[in-house]
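Architecture and fold: a report
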Amino acid sequence: MTALGIDVGGTNTKWVTLDGDTVSGSGTVPTPPGPEETVRLVASLVPHAESIGIGLPGHVDRDTGTALFVPNPPGDWDGYPVGARLRALTGAPVAVVNDARAFALAELELGAARGLSDVLFAVLGTGVGGAVALRGAVLVGPRDNLGEIGHVTVSPWGPACCCGNRGCAETFAAGPAIVRAFGSGATKVTGPAFTAAGIIGAAGGAAAIAARVTAAEVADAARAGDDRAAQAFEQAGWALGVALGDAAAFFGAPTAVVGGGIAGALDLMRPTLHTELARRRPLIGEITVLPAVLGPMAGAIGAALYGRRSG
């Protein structure tokens, strides 16, 4: 049975086909300008797919397959009947899910958490997504919104977050937050910034830095000895540790899996992450932090697994 999985992002959309547990095809395409264009693209990718799962970066109604609050991809997704339109175009059963929950299912069944039952998940990218698995099942919630670890408050007076709160973990541990943290410090650096990484010349203001630098380049600079870059990742590790510690207190899970585009710099975050978790060990016990193993296609793989369940 060929299952098609889609992971819709703000810039790119990833897709995979699963035959059994094996990825038989994959690709990345620019995200179309709106939901109708996106579902038409999905319908054209693998006409012979026997089931379809589509992961969206926001809240969805799984029962009806409707997007409820999906702010990042182009176009107006809110209220769009994704599942119904895809079924009408393809005739295949369709599952519409949150992308972080899709990531969690993939890593739980086929990845770093395989064989485990109680696990926390964090996805570090442009934002910070999260999910929780208990007794071997990924928890969902009424809007597919259970487990949003990125929106745990780690500093009540911290930066404003897109969710309306202040000081969420996302405002410290997401890619743009890491770049902003470096940029704020870079204004105090004399001489060229990122000299070791060869990224930019004279240090400018935080906004100028953010416009020209990626989180991956900040990680390169940190590994090359730039103190400001290292501090940005130390702060990210602290915020992630607070959020995972809170989640462990709520759910009692002894393992956390960290993935997403920023997870390649997990080594730079581990010292402060582990310090924060260790501080709370009497309450939460020992927490094992594992890197995700399925790479950038994990969300699409998880969506395909959910789509298969709908068939």
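Up top is the structure.
In this report, the structure presented in the accompanying data block is examined. These numbers were taken from a predicted model, which means no experiment stands behind them.

The subject of this paragraph is the overall build of the protein chain. Looking only at helices and strands, one finds 11 helices and 12 strands in the protein chain. Each of the three principal axes of the protein chain carries a C-alpha extent, and together these read 60 × 45 × 35 Å. With the model as given, the accessible surface of the protein chain reaches about 12,700 Å², and the carbon-plus-sulfur share is 54%. Across the protein chain, the centroid of the 21 positively charged side chains sits 3 Å from that of the 26 negatively charged ones.

With that settled, the discussion passes to the packing of helix H8 (residues 227-251) against helix H9 (residues 266-279). Orientation of H8 relative to H9, taken along the N-to-C sense of each, is 40°, at an axis distance of 7 Å. Between H8 and H9 lies a crossing whose hand is right-handed. Mapping the contact onto sequence places Phe-233, Glu-234, Ala-236, Gly-237, Trp-238, Leu-240, Gly-241, Val-242, Leu-244 and Gly-245 in H8 and Leu-268, Met-269, Thr-272, Leu-273, Glu-276 and Leu-277 in H9. The residue makeup of the contact of H8 with H9, split by class, is 10 nonpolar, 4 polar and 2 charged.

A few words now on the nonpolar core. A general feature of soluble globular proteins is that nonpolar side chains tend to end up buried together. Within the largest apolar cluster, 46 residues are counted, with the highest numbers of intra-cluster contacts made by Leu-120, Leu-124, Val-218, Phe-233 and Leu-244. Here Leu-124 is in contact with Ala-173, Leu-240, Val-258, Gly-259, Gly-260, Gly-261, Ile-262, Ala-263 and Met-269, once residues within four sequence places are set aside. Formed by 28 residues, the second largest nonpolar core is a distinct cluster that contains Phe-103, Val-119, Ala-131 and Ile-301.

This paragraph deals with helix H3 (residues 99-110). With 12 residues, H3 should reach 16 Å at 1.5 Å per residue; the first-to-last C-alpha distance of 16 Å fits that figure. Of all 12 residues making up H3, 10 are buried, and the element is well covered by its neighbours. Of the surrounding secondary structure, the elements contacted by the buried residues of H3 are strand S7 (94-98), strand S8 (119-124), strand S9 (128-134), strand S10 (137-138), strand S11 (255-259) and helix H11 (298-310). You can read the cap of H3 off the contacts: a side-chain oxygen lies 2.8 Å from the backbone nitrogen of Ala-100, and it is on Asn-98.

Cut-offs used in this document
- Residues numbered from 1 in each chain as written.
- Predicted model: local features only at pLDDT ≥ 70, side-chain atom pairs only at ≥ 80, totals over all residues.
- Heavy atoms only, no water.
- Helix = DSSP H or I, 4+ residues; strand = E, 2+ residues; numbered from the N terminus.
- Areas by Shrake-Rupley, 256 points an atom, 1.4 Å probe, with all protein chains shown as cover.
- Lys, Arg positive; Asp, Glu negative; His and termini not counted.
- Charge placed at Lys NZ, Arg CZ, Asp CG, Glu CD.
- Axes fitted to C-alpha atoms, helices over the stretch in contact; angles between N-to-C directions.
- Left-handed = near helix turned anticlockwise from the far one by under 90°.
- Contact = heavy atoms within 4.5 Å.
- Nonpolar A, V, L, I, M, F, W, Y, C, P; charged D, E, K, R; others polar.
- Core = buried A, V, L, I, M, F, W, Y, C linked by side-chain atoms within 4.5 Å.
- Buried < 20%, exposed > 50% of the residue type's maximum accessible area, 1.4 Å probe, protein only.
- Expected span 1.5 Å × (residues − 1).
- Polar contact = N/O pair within 3.5 Å; in protein donor to acceptor, adjacent residues only side chain to side chain.

That's the geometry; what it means functionally is another story.
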